[in-house]
Amino acid sequence: MAEQGGTIPLIAARGITRRFGAFTALERVDFAVRPGEIHALLGENGAGKSTLMNLLSGLLRPSEGEILLNGDPVRFRSPADAERQGIGMVHQHFLLVPPLSVSENLLLGTAPGMGGLLSYPIRRVLDEARSLADRLGWRIPWNAPVGSLPVGTQQRIEILKALRGVTRVLIFDEPTAVLTPTETPELFDTLRRLAGEGRGIVFISHKLDEVLALSETITVLRRGRVVARTRAAETDARSLAEAMVGPDREASSLIQDGAVSASRAGQATVPAGGAALFVENLAVAGQARPLLNGLSFAVSPGEIFGIAGVDGNGQGELADCLAGLIRPSSGTLRIGNDQPAASPGAFRRAGVAVIPADRQTRGLALPLSLTENLALGVYDSPVYRRGPLLLWPALRRRTEDLIRQYDIRATGAGALARSLSGGNQQKVVIARALAENPRVVVAVNPTRGLDVGAIAYVHAALRGAQASGAAIVLISTELEEVLSLATHRVAVLYEGAFSGIVSPDSPRDEIGLLMGGKTREVPGAAAR
Amino acid sequence: MKQRLLRDLPLLLLTFSLGAAALALIIRLVGASPVAVSKALWDGAFGSRYSLSETLVQTAPLLLTGLGVAVAFRCGLFNIGAEGQFLVGAMAATGVGILKNVPAVIHLPLLLLAGAAAGALWSGIAGLLKVYRGVQEVLSTLLLNFVALQMLSWMVRGPLQEAQKGFPQSDLIAVPARFVLLAPGTRLHAGVLLALFCAALIWFFLRWTAGGFALRAVGSGEGAAEAAGIPVRRTVLATFLLSGALSGLAGAIQISGVTYLLSDGYSPGYGYTAIAVALLANLSPLAVVPSALFFGALTAGSNVVQQRIVGIPSVVVQVLQAVVLLAFLAYAWARERRQRREEGGVA
């Protein structure tokens, strides 16, 4: 990782550490972009990519270490300050106002001149944008409302917004995530051209193909540290994948539960017996491209089916389909032999329990008591209902039982969900999901934001449900979690489809390749 | 719970004394004596059997519209159209009340039903707009108030105007359609009891029934309610209907219990005061009773203030109500802040 001689980097991070409370997001990270260079930043969710980019663009300040601009130490006071000093940022989620025209959106990011609000340098800004667009060969409908334009064009407007006369470094956060396959090569042309003009480009991605095709230098982050830095010409997808997800032994140390390892005898085959959950050709249409594209799988009772993948590859849509919250555009969803209507109530009555990704908005009604929150799972059950009345005394007793059974730390059944810690809130969600012995459990990122003890608890609860015969779909962006919990198979979601279904004992670099969109190409790997 | 109330008492007293001091200053500024004003206020609200009955008469419409507002707010719906719903309720009730040849036994129930239905219909418009068109109910319910006001103005000069066509008002409603009076020499009518009964009914509904639970769940966490299979749209729509029905019923009770006829400028702003009533009660249907009584007393008392104290501008009464509400909001804010600080200390 020696500094490459010659030119002074446009921007460089030197020994940067950034902590959030007790959590260290980045540790002693070095990073530099030189004029004309396209530098890719690769890593899993939570590896520290966003933190590094926020430090470089002035949104965060480092806990330790320094940032150098053209070789001189600098402290950005704000993103606007960084922008004035030549650092531009193109966000994954566009910061555009849809009803306003292209020109108006370009002016939005502009500071007024000396005369205050009356002196926006309208002509200068627009002329600059026009000449830039001409140079790049773009045809932009300047007066059309931005909301009416294709996503690729909207991204070009974001680029025009970020690109000022002074801009020397442009940071792109997952720029291809929203593009159609035909728009991606066009973006790459643009990036090469911008680099050719002497700018430095930071390209954040998790797609191995793209990173290899486009960039000159590649930095891989894992758990806040730089684990690899290499020239694209000197590496391949497999070693990048391994660097990204870590060597095999890291995972195996996490799998301590003997029962789980033993139950993996079936390997990459479906366990015998009828499936509790049956999904065929599930598809959800999206704006630019399908969000889910022909997913098929079946999960048997007593199986934990793991679904890995980098966030934003269709996890949310798949979870919503399995919860009955959205109706798939096409495909079949069966619970045993039932085919419930696309409503959360019908799915719950068919035996599906969901541990949603966002416990504070989807999982719990924070201002309500534990009894009321737990009643959300059974309010329509005849056991707790007489005509229009809910049997609150019975519901309260049930809550007290569940508080004991699931070890929920609260002052009592009447405690408000808001007053609980995150781990105990998740226990409430899990208690509600598992209390009625569901046939199918859909768990989405069930340990996100929890501490170590709570994580162990959640994992034990899921294994307990599996042992008592539930079919469990575990959708998680934490690869470690998926690999340690999945009993027979791990599927990898990539752009709305499975790039592969493998055994949880597969080599991790292979799974890394699948997460990066490389469908299996190594012969024989499937047989393992 | 009781402990907390006791602990919050000093805070409550402090905010309200500050409010009272501000009021005294304002009354001084307009050249009246704060002592004389407070005495008149007290006499008008509680000083005699008659003034007590007047307080109760003023309480009834505030109680029902306050319940209507509270129910909507509990579901997370900011229905601020109680005024309009009250007015259309009064119009529909008048339309039924002046009918001839209605069997006497069913005339009053029919009148009340018409008022509630009209109120429900009126807020149902806002409900449909919200559910199917995403129109903010704050906007639609407020604008519907103005539509209702214009409609009233037209009604009392058109379809509902008295037979002699003299004044912008309706004929008196038929005698069987009126509430019985409860105490001779006063205006106290049986509709007050009906309003109290409604408060108990709404409390029971919210606390014990599955429908009430759905309403509260949607209001406390729409995402969680939806994920649990509660039909959010249907609940929202039903809440709008219930909320509007209560305010419409308030209008009907006012027609059949107090005025017996409809006139231009029918409401002195009950539907707006209702928002204050609901907020002061912290949206609890049982607490709406004392809260409405408080504002009812304020209204009855300030009527006497205006009769007795010469030269006091009528806006002072409105200022009085505003200061009371502000004092309460300041109290609620301070209490919340303290609570949050304590919770933060524990975590």
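Here the structure is a predicted model, which means the values were calculated and not measured.

**Q** What is the right way to read the sheet that holds strand β2 (residues 23-33) of chain A from this model?
**A** Residues and elements named next belong to chain A. The strand order across the open sheet built from four strands is β2-β1-β4-β5, with neighbouring strands paired in antiparallel fashion. With partners counted over all chains shown, the strands left at the sheet margins are β2 and β5 (72-74), one partner each. Pairs of neighbouring strands in the sheet enclose a mean axial angle of 35°, with direction left out of account. Here strand β4 (residues 64-69) pairs with β5 via three bridges, running antiparallel. By the bridge assignment for β5, L68 is matched with P73.

**Q** When you look at the interface of chain A and chain B in this model, what are you seeing that I'm missing?
**A** One frequently used descriptor of interface size is the decrease in accessible area upon assembly of the parts. On the chain B side, the residues contacting the 22 residues of chain A number 17 residues. Each partner contributes to the roughly 1700 Å² buried at the junction of chain A and chain B, and carbon and sulfur atoms together form 66% of this total. Area buried by chain A at its contact with chain B is led by L376(A), Y379(A) and W392(A), which between them contribute 30% of it. Summed over the shared surface of chain A and chain B, the result is one salt bridge. Notably, a salt bridge pairs E372(A) with R216(B), separated by 2.3 Å at the nearest N-O pair. One can count eight residue pairs in polar contact (both at pLDDT 80 or more) joining chain A with chain B.

**Q** Would you mind going over the packing of aromatic side chains with me for this structure?
**A** Any pair of aromatic rings gets described here by the distance separating the centres and the angle formed by the planes. In this structure the tally under the stated criterion is 11 aromatic pairs over all chains. When the ring of W392(A) is compared with that of F213(B), the centres are 5.3 Å apart and the planes differ by 75°; the resulting orientation is edge-to-face. Here W392(A), found in helix α15 (residues 392-405), pairs with F213(B), found in helix α8 (residues 210-220), and the two come from separate chains. Just as W392(A) is buried, F213(B) falls in that class too. When the ring centre of W142(A) is taken as origin, the NZ or CZ atom of R130(A), which lies over that ring, is 5.1 Å away.

**Q** Is there a simple way to explain the domain arrangement of chain A in this structure?
**A** All names here are of chain A. Domain annotation of chain A identifies domain 1 (11-246), domain 2 (250-351 + 436-527) and domain 3 (373-435). Listed as interface residues are 20 residues of domain 1 and, on the opposing side, 22 residues of domain 2. Summing both sides of the interface, domain 1 and domain 2 together bury roughly 1800 Å²; the carbon and sulfur share of this comes to 52%. Our count for the contact surface shared by domain 1 and domain 2 stands at two salt bridges. Measuring nitrogen to oxygen at the nearest pair gives 3.5 Å for the salt bridge that ties E480 to R223. Linking domain 1 with domain 2 are three residue pairs in polar contact (both at pLDDT 80 or more). The set of elements that each furnish at least two residues to the side of domain 1 that touches domain 2 consists of α7 (208-214) and α8 (237-245). Sort the elements by how many residues they give to the side of domain 1 that touches domain 2 and α8 lands first, with five residues. Looking at the side of domain 1 that touches domain 2 residue by residue, the class counts come to eight nonpolar, five polar and seven charged.

What counts and what doesn't
Residues numbered from 1 in each chain as written. Chains lettered and ligands numbered in written order. Predicted model: local features only at pLDDT ≥ 70, side-chain atom pairs only at ≥ 80, totals over all residues. Heavy atoms only, no water. Pairing = 2+ DSSP bridges. Helix = DSSP H or I, 4+ residues; strand = E, 2+ residues; numbered from the N terminus. Axes fitted to C-alpha atoms, helices over the stretch in contact; angles between N-to-C directions. Contact = heavy atoms within 4.5 Å. Buried area = accessible area lost by both parts, 1.4 Å probe. Salt bridge = Lys/Arg side-chain N within 4 Å of Asp/Glu carboxyl O. Polar contact = N/O pair within 3.5 Å; in protein donor to acceptor, adjacent residues only side chain to side chain. Phe/Tyr/Trp six-rings, centres within 6.5 Å; stacked < 30°, edge-to-face > 60°. Buried < 20%, exposed > 50% of the residue type's maximum accessible area, 1.4 Å probe, protein only. Lys NZ or Arg CZ within 6 Å of the ring centre and 35° of its normal. Domains from an automatic or database assignment. Nonpolar A, V, L, I, M, F, W, Y, C, P; charged D, E, K, R; others polar.

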